[in-house]
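Coordinates in review
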Amino acid sequence: MAQTKFSTENNPKPVSSKKAGIIAAIIFVVVIVLVVVINSFTIVNEGFIGVKYTFGKITQDNLSPGLNMCIPFVEEIRQVDIREQVYSTTEDAYTSDTQNVEELRLKLNYYYDTSMLSDIIRTVGIENVESKLLVQNVSKISKNEIGKIKAEDLVQSRADVQQKIQDALTDALAPSGIIVAAFAIENLSFDSAFEESIQGKVIAEQDALKMENKTKEKEEEAKQRVIAAQAEADSTKLAADAQAYAIEVVQEQLANSPSYIDYLKITNWDGKLPQIIGDGVNPFVNLDGSASTAGSGTPNNTGNTSTAGN
């Protein structure tokens, strides 16, 4: 009976434990290297600034946007939003005449002074700026300024009050590294009775202004009539003076030369002969308007003949 023999020469040899350990070590080193490389770079986004910490201590606070390098597990980079921030609140306040301003809505626009960023982080903390700095200052300063003015004046000069509050907030927050960009009083609400009285007063003032404008208009019209009458009187006086002067000149000429009257007749004659000539007893009437002479007529009863111009 034949015997079958099996050969093990082509079977794979088992991997030794030493070789497996080497492979595992290589994989571990690669992972560590990848972790180190990944943690060696931090991206700072636009609108933010990077703050570098070394074992928890701030060592740099002005890292620009983009890719920034740090030592893994030793250094850490955190981003701080340096864009303009908005803080809004609603308060109740009283004016100097004890009018209650209800639902006083206030809005503050601000941003961080980057040159003092480290101080802000150390003393207040970026996450605590609103609760520790803004809440108390905005409320206190706004109420103080509103309490210095009457309710009616507050309604009419809101912009001036806003500017005063903004200036006060700027002075109060600047030492802490907070720069005030803008401040606004977005809403003013009083009780209905006061608002009605304010509205009535405004309407009364507008009516008074209309009447004043009408009075001024009437006064101006009267002035214009006086000016026109004076101008007409002056014109009449000038015409009378001119006429009197002309009469005076004529009289002076007649006194110096009696024949001056004949000269005036000639210069003022329109070139037309009289339609009726003769004396008062037997006048001669020229019916066709043609030139006639007294010699062509019949002598009158008195024997007198008249010519044109007598």
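Now for a look at the structure at hand.

Rules behind the numbers
- Residues numbered from 1 in each chain as written.
- Predicted model: local features only at pLDDT ≥ 70, side-chain atom pairs only at ≥ 80, totals over all residues.
- Heavy atoms only, no water.
- Helix = DSSP H or I, 4+ residues; strand = E, 2+ residues; numbered from the N terminus.
- Buried < 20%, exposed > 50% of the residue type's maximum accessible area, 1.4 Å probe, protein only.
- Areas by Shrake-Rupley, 256 points an atom, 1.4 Å probe, with all protein chains shown as cover.
- Pairing = 2+ DSSP bridges.
- Axes fitted to C-alpha atoms, helices over the stretch in contact; angles between N-to-C directions.
- Contact = heavy atoms within 4.5 Å.
- Phe/Tyr/Trp six-rings, centres within 6.5 Å; stacked < 30°, edge-to-face > 60°.
- Lys NZ or Arg CZ within 6 Å of the ring centre and 35° of its normal.
- Patch = residues over 30% accessible without salt bridge, like charges linked within 9 Å, V, L, I, M, F, W, Y side chains within 5 Å.
- Salt bridge = Lys/Arg side-chain N within 4 Å of Asp/Glu carboxyl O.
- Lys, Arg positive; Asp, Glu negative; His and termini not counted.
- Charge placed at Lys NZ, Arg CZ, Asp CG, Glu CD.

Our next topic: the overall build of the protein. Regarding its fold elements, the protein presents seven helices and ten strands. Evaluated residue by residue, the protein yields a buried proportion of 24% over its 310 residues. Taken as a whole, the protein presents about 22000 Å² of accessible surface, with 55% of it coming from carbon and sulfur.

Let's shift gears to the sheet that holds strand S8 (residues 178–189). A sheet is described by the order of its strands in space; here three strands give the open sequence S6-S7-S8, paired in antiparallel fashion. The sheet terminates laterally at strand S6 (85–94) and S8, the two strands that pair on one side only. Averaged over all pairs of adjacent strands, the angle between their axes in this sheet comes to 20°, without regard to strand direction. Looking at chain direction, S6 and strand S7 (residues 100–112) are connected through nine bridges and run antiparallel. The partner of Thr-89 across the bridge, within S7, is Leu-106. In the packing of helix H3 (residues 129–146) onto the sheet, the strands contacted are S6, S7 and S8, and the crossing angle to S6 comes to about 40°. Seen against the sheet, helix H5 (residues 158–173) touches S7 and S8 and runs at an angle of roughly 145° to S8.

With the rule as written, the count across this model stands at one aromatic pair. With a centroid separation of 6.2 Å and 70° between ring planes, the pair formed by Tyr-110 and Tyr-112 is classed as edge-to-face. With a relative accessible area of 4%, Tyr-110 lands in the buried category. Here Arg-78 stacks its cationic end above the ring of Tyr-53, 4.3 Å away from the centre of that ring.

Right, let's talk about a negative patch on the surface for a bit. Together, Glu-217, Glu-219, Glu-220 and Glu-221 make up a region of like negative charge exposed at the surface. One can find Glu-220 in helix H6 (residues 192–256). On the accessibility criterion, Glu-220 (39% relative accessible area) is partly exposed.

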